[in-house]
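This is what each chain is made of:
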There are 2 protein chains.
Amino acid sequence: MSGTNIRALAKELNLSIGTVSKALRDSYEISAATKKKVLALAQKRNYIANPYASSLRRKKSNTIGVVVPEVADSFFSHAIKGIDSVAQLKGYHVLVYLTYESFAKEQAILKDFTSGRVDGVLVSISSETSDDAHITNLMNRNIPVVFFDRVIHAVATAKITTDDFESGYNATKHLIEQGCDRVAYLSISNQLSINNKRMEGFKEALHDHKLTLKASQIIRCSNNEQENYQLIKKALQRKNNPYGIIASVEKLTPPVYLACKELGVLIPKQLKVVSFSNLETALILNPSLTTINQPAFEMGERAATILFKSIDKKHYKLKNENIIIPSKLIARESSAKGRLHFVQKIICCLSIHTLFRRLC
Amino acid sequence: MSGTNIRALAKELNLSIGTVSKALRDSYEISAATKKKVLALAQKRNYIANPYASSLRRKKSNTIGVVVPEVADSFFSHAIKGIDSVAQLKGYHVLVYLTYESFAKEQAILKDFTSGRVDGVLVSISSETSDDAHITNLMNRNIPVVFFDRVIHAVATAKITTDDFESGYNATKHLIEQGCDRVAYLSISNQLSINNKRMEGFKEALHDHKLTLKASQIIRCSNNEQENYQLIKKALQRKNNPYGIIASVEKLTPPVYLACKELGVLIPKQLKVVSFSNLETALILNPSLTTINQPAFEMGERAATILFKSIDKKHYKLKNENIIIPSKLIARESSAKGRLHFVQKIICCLSIHTLFRRLC
DNA sequence: CTGAAAGCGCTAACAG
DNA sequence: CTGTTAGCGCTTTCAG
């Protein structure tokens, strides 16, 4: 399996195993000369310490666990990059686990962490998660847990989120200011605080603008794509159809656009859209999409940094703190004030005689 | 750190440690009654074996390493999902490492694997990787390596790719058939076989259609977004500008669209675009994007399955095989034959008098 | 400064 | 069927 071990190095150098071990870990007990010899041979023999022997002995894995519901999503993939970037710096290894939004899977994964497999955990809970025992259980065993994005507020630890309430508020305010007096909110699991906070912001903004909220303005989406698509279509066909719509997560954007396409509803003329999304393609959508851009990379980075603070100082208990990194609303054509958007203008303009021939 | 250990269980049951261990691993040597007792107590005490003690002793980590250049990319994130799905089934853990296209990082990561940290490796090489010693070195130590997508053909192991040559050929043929007699290919690193094969397909298609290839039709992109954007813009402004363009990887799509927007080049009227991409938003781009859809999830799944075949049968050497899962060309508006696309038609049609007032 | 020795928690021969 | 025992490879007292 592995190549050389510490015993072989010791024998070759006529040193004891203990001395070699200390030299490799740069112990103050060892003379510079010996260290040099040892390091040189280790290099020559491509020696890498067996991590499992080392972990067993030191009760430290140099590994963190990252638990997320999904990875094929621009938020989570960027967050993972943020996490990875600081883990690499610290020489840590990153175990990634996907829950696919299943609470049972999440529980099973965290239960396994009980074994000491990881020194700390970064988690963004599933949309089905309805209890925090699996988390607190881990924390009680002195394995620090830091939440990012999808948090459980009842658990007393560090939580990195974006300003969900404000973002929901701003998205709604933006749509109202662009002329929508009837805005719908596409909600995902009402177990998730990110969803609920965004929705609270939405409600508050309506209230502040003296708009009353009807039940039909909150559209409960699920994890079923086809179902969501149908729900959105139905909403757009209702008598009191919305003029503006807020997609509370990225994956709800395509069904909105597609429903509009199918129904011939024009964005932004007949429906204005804002989406929580970090997609790089927002800018080149048809029409370009107004987004609430979450600081995904930064959130991952920050969460990891805080986790390592706790891991490094053995008994430094994580404060019960809420770290909020603001999102940015980037206004684009999907919420433009009744205008046609730029490219369409050009196209229409340039080909106006073609159009006549073809369409009129 | 961890909770109970096997010693505590043994003591509580008045059994030897060995017996408990065997019972937990469901050894044939142990009576049903004892197994039941042991399992019951293990459950009650939430016993999870220390993975590192176990790994050390068995020389088996139940962990695989996944090495990719990037995760915020629809191909890689879906491939990781495919890998994860089979790893979960096998009860394996997945260490994810990002190389950020750095060869040095890739080498360092694989060198670490030399320690026995993982039982097998799935790798998609960086665009800078110019040598395979770090891979073969691992294989020589009996750690199986399977490539997916970005492979090194010189290394004798299993490789899962899509039909890159054919895809490049088909993309080009498609553009030619849609009326482009001058097609440009956006190349990334010419170290990568996926790039080169796609490019070979491109060349062959030109050849088969009696089109000659000028050097300027191959645009060498890098990892620098801004640079790529400028390169593309320049190409579009040349005298012999291309009428069709093939983006060999997903991340080159936004700069193409943005360059067109900035220059007022109309897609697909003046430039037709095909991109290697799995983006779910391809359908709602402006205009919707013709893609070569790679079977990302399936490739990851397949690669993992093959890797596990080798891991399971201790000394089953992986065959030097090429497994090719075909991509699909999905024609959309960005390569349409000179027509305006659907939504634009509607918009122009519906608002034709508005247009007159505003634009003419 | 170096060495000897105990042991992390588990597994697997081997004995009974 | 159960128990005993010798390690896996490394770290870390403790002695010298």
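Summarised in this report is the structure supplied together with it. (Residues numbered from 1 in each chain as written. Chains lettered and ligands numbered in written order. Predicted model: local features only at pLDDT ≥ 70, side-chain atom pairs only at ≥ 80, totals over all residues.)

Description of the protein's contact with DNA strand D
Residues in contact with DNA strand D amount to 27 residues; listed here are only the nearest, A:Asn5, A:Ile6, A:Gly18, B:Gly18 and B:Ser31. At the level of secondary structure, the elements contributing two or more residues to the surface near DNA strand D comprise helix H1 (6-13), helix H2 (17-24) and helix H4 (51-58) of chain A together with helix H2 (17-24) and helix H4 (51-58) of chain B. (Near = placed C-beta within 6 Å. Helix = DSSP H or I, 4+ residues; strand = E, 2+ residues; numbered from the N terminus.)

Examining unusual backbone geometry
Note that the residue after A:Asn286, namely A:Pro287, is joined by a cis bond; omega there is -5 degrees. Relative to the elements of secondary structure, A:Pro287 occurs in the loop between strand S9 (272-276) and strand S10 (290-293). In this structure, B:Tyr100 is a non-glycine residue whose phi angle is positive, near 55 degrees. Among the structural elements, B:Tyr100 can be located in the loop between strand S2 (93-98) and helix H6 (103-113).

Topic: helix H8 (residues 164-177) of chain A
All names here are of chain A. For H8, with 14 residues, the first-to-last C-alpha span of 20 Å sits near the 20 Å given by 1.5 Å per residue. All of the buried residues in H8 are Asp-164, Glu-166, Ser-167, Gly-168, Tyr-169, Asn-170, Ala-171, Thr-172, Lys-173, His-174, Leu-175 and Ile-176. One or two residues past the end of H8 sits Gly-179, with phi positive at roughly 110 degrees. (Expected span 1.5 Å × (residues − 1). Buried ≥ 20, exposed ≤ 12 C-beta atoms within 10 Å, placed from the backbone.)

Focus: the packing of H1(A) against helix H3 (residues 32-44) of chain A
All names here are of chain A. Taken N-terminus to C-terminus, the directions of H1 and H3 make an angle of 125 degrees; their axes are 11 Å apart at the nearest point. In terms of their interaxial angle, H1 and H3 are classed as oblique. Of the two elements, H1 crosses H3, and the hand of that crossing is right-handed. For the pair formed by H1 and H3, the contact residues are Leu-9, Glu-12 and Leu-13 on the first element and Lys-37, Val-38, Leu-41 and Ala-42 on the second. (Axes fitted to C-alpha atoms, helices over the stretch in contact; angles between N-to-C directions. Parallel < 35°, antiparallel > 145°, perpendicular 65-115°, else oblique. Left-handed = near helix turned anticlockwise from the far one by under 90°. Contact = placed C-beta atoms within 7 Å.)

Re the protein's contact with DNA strand C
Taken together, 26 residues are adjacent to DNA strand C, and A:Gly18, A:Ser31, B:Ile6, B:Gly18 and B:Ala53 come closest. Examining the composition of the surface near DNA strand C, we find that five residues originate from one element, H4(B), more than from any other.

Topic: the nonpolar core
With 92 residues, the main nonpolar core has A:Val66, A:Leu122, B:Val66 and B:Leu122 as its most contacted residues. Setting aside residues up to four positions removed in sequence, A:Leu122 forms contacts with A:Ile64, A:Val66, A:Ile83, A:Val146, A:Phe148, A:Ala303, A:Ala304 and A:Leu307. Membership of the second largest hydrophobic core comes to 78 residues, among which are A:Ala171, A:Phe202, A:Val256 and B:Ile246. (Core = buried A, V, L, I, M, F, W, Y, C linked by C-beta atoms within 7 Å.)

Here's the deal with the sheet that holds strand S7 (residues 218-220) of chain B
Residues and elements named next belong to chain B. Spatial strand order, S7-S6-S8-S9-S10-S12: six strands in an open sheet with mixed pairing. Where the open sheet ends on each side, the last strands, each with one partner, are S7 and strand S12 (328-330). Put simply, the sheet's adjacent strands are angled 20 degrees from each other on average, direction ignored. By the bridge criterion, four bridges tie strand S6 (residues 183-187) to strand S8 (residues 244-247) in an arrangement that is parallel. Bridge assignment links Val-183 to a residue of S8, and that residue is Gly-244. (Pairing = 2+ DSSP bridges.)

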